[in-house]
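# A structural walkthrough
Residues per chain are reported as follows:
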Amino acid sequence: MTVVRLREVTREHGQVRALRGVSLEVSAGELVAVMGPSGSGKSTLLNLAGGLDRPTSGNVEIEGRDLAGVPDLAALRRRSVGYVFQDLNLIPSLTAAENVMLPRELDGVRSRQARTEAMTALAEAGAEEIAGRFPEELSGGQRQRVAIARALAGERRLLLADEPTGALDTATGDEILRLLRSRCDDAGAAVLLVTHEPRYAAWADRVVYLRDGLIAESGSVRLESAR
Amino acid sequence: MSIRHGILALLRGGPRYGYQLRVEFEASTAATWPLNIGQVYTTLSRLERDGLVTPAGADEQGRALYAITETGRVELERWFATPVAQSDRPRDELAIKIAMAVAGADVDVGAVIHTQRTATMRTLQALTRAKRAADGLAQRLVLDGLIFKAEAEQRWLDHCEAVSKASKEKNT
């Protein structure tokens with residue numbers, strides 16, 4: 001099942017063509033990595049895939065819905081899409097559990113239900129014991145675990161990760177990739193990962209290279225017999 | 001050389017027979033460098049000739065055991081204390097290929113780099129898959145070593161692409 005599909009997507013910022021016709025699909029249970037030099041359009045691609053931005057032409061579908069026909073993108077994002085960034089992930093005045101609950105509560109889920117979901121998501125991310133702690137009491141790796149739990153709490157199946165290992169040492173970065181991988185393999189999440197580090201891209205089922213707003217041909221490295 | 005010292009290191013844990021050395025060597029290096037049993041016995045007889053190992057009787061099933069000698073222990077310590085020289089590596093075919101592609105006027109450097117990058121990423125994916133399946137610490141660290149090397153090559157290729165592109169743009 002395709003969770004997100006981009007078809008011939010372009011995005012222009014004034015005179016600058018950030019994306020020049022990109023088609024890409026990510027299925028449930030699949031981890032796709034996007035690599036490319038700075039300015040190649042990686043972040044633009046991620047923003048379009050998650051409905052944070054709209055394409056100049058072409059279309060984007062999330063779980064079969066064309067985003068062009070969705071009036072309230074914010075609501076769709078809260079229900080279907082989770083984000084993990086390098087930092088600026090968690091709200092400092094809320095505990096780990098409250099951070100995970102927040103987007104669900106904003107979406108009208110009752111507090112008790114949101115807490116149950118949050119505890120499940122934290123347990124799946126290996127962060128159950130730190131549920132009551134505040135972000136400043138957590139290590140970088142623990143913070144990313146909480147961010148991943150928040151991104152996947154509830155029914156959300158699409159996770160967009162922009163350099164989630166950016167500030168971490170390689171052993172902790174590997175743990176985060178192991179966690180993302182298990183969310184794909186065990187929970188059927190679809191993950192689109194932007195990274196400039198080959199060692200993390202290598203955890204993906206497919207690696208695509210962006211060059212000047214285009215996917216480099218023959219650059220799609222598919223892992224044979226991935227599943 | 002690494003097989004010699006690998007065998008000495010295993011024997012430091014107690015006397016062992018030939019087949020056992022082969023299995024343990026492969027297990028601790030994640031089967032990255034497969035050994036055949038002939039290599040093990042050839043290496044053992046050279047180590048014995050040099051006084052680094054000595055026959056140590058047989059186990060209850062009659063298999064010939066070998067033990068490390070005091071000279072062997074000294075040699076092993078020397079090996080662990082000596083860094084591996086960068087120049088011990090063979091000529092780098094990839095560096096030569098990229099240099100020739102850049103020097104040749106009619107070669108698409110970007111395409112050469114991209115072909116290599118795709119192949120290196122496949123290697124990196126296979127190593128990562130092996131690492132996910134590995135359960136011993138020694139195996140994981142050997143695979144990590146190979147992953148860091150493949151990653152360094154990948155970074156160098158990105159660098160080659162960026163630099164050669166910039167220099168081409170400057171010249172046109």
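Residues numbered from 1 in each chain as written. Chains lettered and ligands numbered in written order. Predicted model: local features only at pLDDT ≥ 70, side-chain atom pairs only at ≥ 80, totals over all residues.

## A few points about the UniProt feature "domain: Transcription regulator PadR N-terminal" (unreviewed entry) in chain B
We count it as follows: UniProt positions are given in the numbering used here, feature names are shortened, and annotations may be inferred rather than shown by experiment. Only DSSP runs of H or I covering at least 4 residues are called helices, and only runs of E covering at least 2 are called strands; the numbering of each starts at the N terminus.
UniProt marks residues 7–77 of chain B with the feature "domain: Transcription regulator PadR N-terminal" (unreviewed entry), using the numbering shown here. With 52% helix and 18% strand, residues 7–77 of chain B has its two end C-alpha atoms placed 13 Å apart.

## Looking at helix α7 (residues 137–171) of chain B
Note the following rule: For a helix, the expected span equals 1.5 Å multiplied by the number of residues minus one. Labels follow a simple rule on C-beta atoms placed from the backbone: if 20 or more others lie within 10 Å of a residue's own, it is buried; if 12 or fewer, it is exposed; otherwise it is partly exposed.
Its 35 residues give α7(B) an end-to-end C-alpha distance of 51 Å, which sits within 8% of 51 Å, the value for a rise of 1.5 Å per residue. Here α7(B) has its buried residues at Gln139(B), Val142(B), Leu143(B), Ile147(B), Ala150(B), Glu151(B), Glu153(B), Gln154(B), Leu157(B) and Cys160(B).

## Details of the interface of chain A and chain B
To be explicit about the condition: Two residues form a contact once the distance between their C-beta atoms, set from the backbone, is within 7 Å. Three classes are used, and their members are as follows: Ala, Val, Leu, Ile, Met, Phe, Trp, Tyr, Cys and Pro are nonpolar, Asp, Glu, Lys and Arg are charged, and the others, Gly among them, are polar.
Each side of the interface is counted separately: chain A has 11 residues, and chain B has 13 residues. For the side of chain A that touches chain B, the per-class residue count stands at eight nonpolar, two polar and one charged.

## Examining the domain arrangement of chain B
Residue and element names in this part refer to chain B. This is how it is decided: Marked domain ranges trace back to an automatic or database domain assignment.
As assigned here, chain B comprises domain 1 (2–86) and domain 2 (90–171). Averaged C-alpha coordinates put domain 1 and domain 2 at centres separated by 34 Å. Taken residue by residue, the interface counts five residues in domain 1 and eight residues in domain 2. Here the side of domain 1 that touches domain 2 is built from residues that sort into two nonpolar, three polar and no charged.

## A word on the confidence of the model for chain B
For clarity, the threshold we go by: Scored from 0 to 100, pLDDT reflects the predictor's confidence in each residue.
On average, residues of chain B score 86 in pLDDT, and 94% of them reach the 70 mark or higher. The ipTM assigned to the predicted complex is 0.81, against a pTM of 0.80.

## Some thoughts on the sheet that holds strand β2 (residues 16–27) of chain A
Residues and elements named next belong to chain A. We count it as follows: At least two bridges found by DSSP between two strands are what make those strands a pair. In this analysis, axes come from line fits to C-alpha atoms, helices being fitted only over the stretch in contact, and the angle between any two N-to-C directions falls in the range 0 to 180 degrees.
Pairing is antiparallel in the open sheet, where four strands are placed in the order β2-β1-β4-β5. Only two strands of the sheet have a single partner each, and these edge strands are β2 and β5 (65–66). Alignment of strand β1 (residues 2–13) against β2, held across nine bridges, turns out to be antiparallel. Paired with Val 9 across the strands is Val 22, a residue of β2. Those strands touched by helix α1 (residues 42–49) are β1, β2 and β4 (57–62), and its axis lies near 125° from that of β1.

## A look at unusual backbone geometry
Residues and elements named next belong to chain A. For Glu 63, which is not a glycine, the phi torsion comes out positive at approximately 45°. Relative to the helices and strands, Glu 63 is located in the loop between β4 and β5. Of note, the phi angle at Glu 163 is positive, near 50°, even though the residue is not glycine. Position of Glu 163 relative to the elements: it lies in the loop between β7 (158–162) and α6 (170–187). Glu 163 gets classed as partly exposed once you count the C-beta atoms within 10 Å, which come to 19.

## Some thoughts on the sheet that holds strand β1 (residues 16–17) of chain B
All names here are of chain B. Reading across the sheet, the three strands line up as β1-β3-β2 and stay open at both edges, with antiparallel pairing between neighbours. Strands at the two margins of the open sheet, each flanked by one partner only, are β1 and β2 (53–58). Two strands pair when backbone bridges link them, and β1 and strand β3 (residues 64–68) are joined in this way by two bridges, in the antiparallel orientation. Opposite Tyr 17, over in β3, you have Leu 65 as the bridge partner. Packing against the sheet, helix α1 (residues 2–11) makes contact with β1, β2 and β3, and its axis sits at approximately 95° to β3.

## Some details on the packing of helix α5 (residues 140–152) of chain A against α6(A)
Residue and element names in this part refer to chain A. Stated precisely, the cut-off is as follows: By definition in this entry, angles of less than 35 degrees are roughly parallel, angles greater than 145 are roughly antiparallel, angles of 65 to 115 are roughly perpendicular, and the rest are oblique. Here a crossing is called left-handed whenever its near helix is offset anticlockwise from the far helix by less than a right angle, and right-handed whenever the offset is clockwise.
The N-to-C vectors of α5 and α6 enclose an angle of 15°; their axes lie 10 Å apart at closest approach. When the interaxial angle is binned, α5 and α6 end up roughly parallel. Handedness of the α5/α6 crossing: right-handed. Between α5 and α6, the contacting residues are Gly 140, Gly 141, Gln 144, Arg 145, Ile 148 and Leu 152 on the first element and Thr 172, Glu 175, Ile 176, Leu 179, Leu 180 and Arg 183 on the second. Classifying every residue of the contact of α5 with α6 gives five nonpolar, four polar and three charged.

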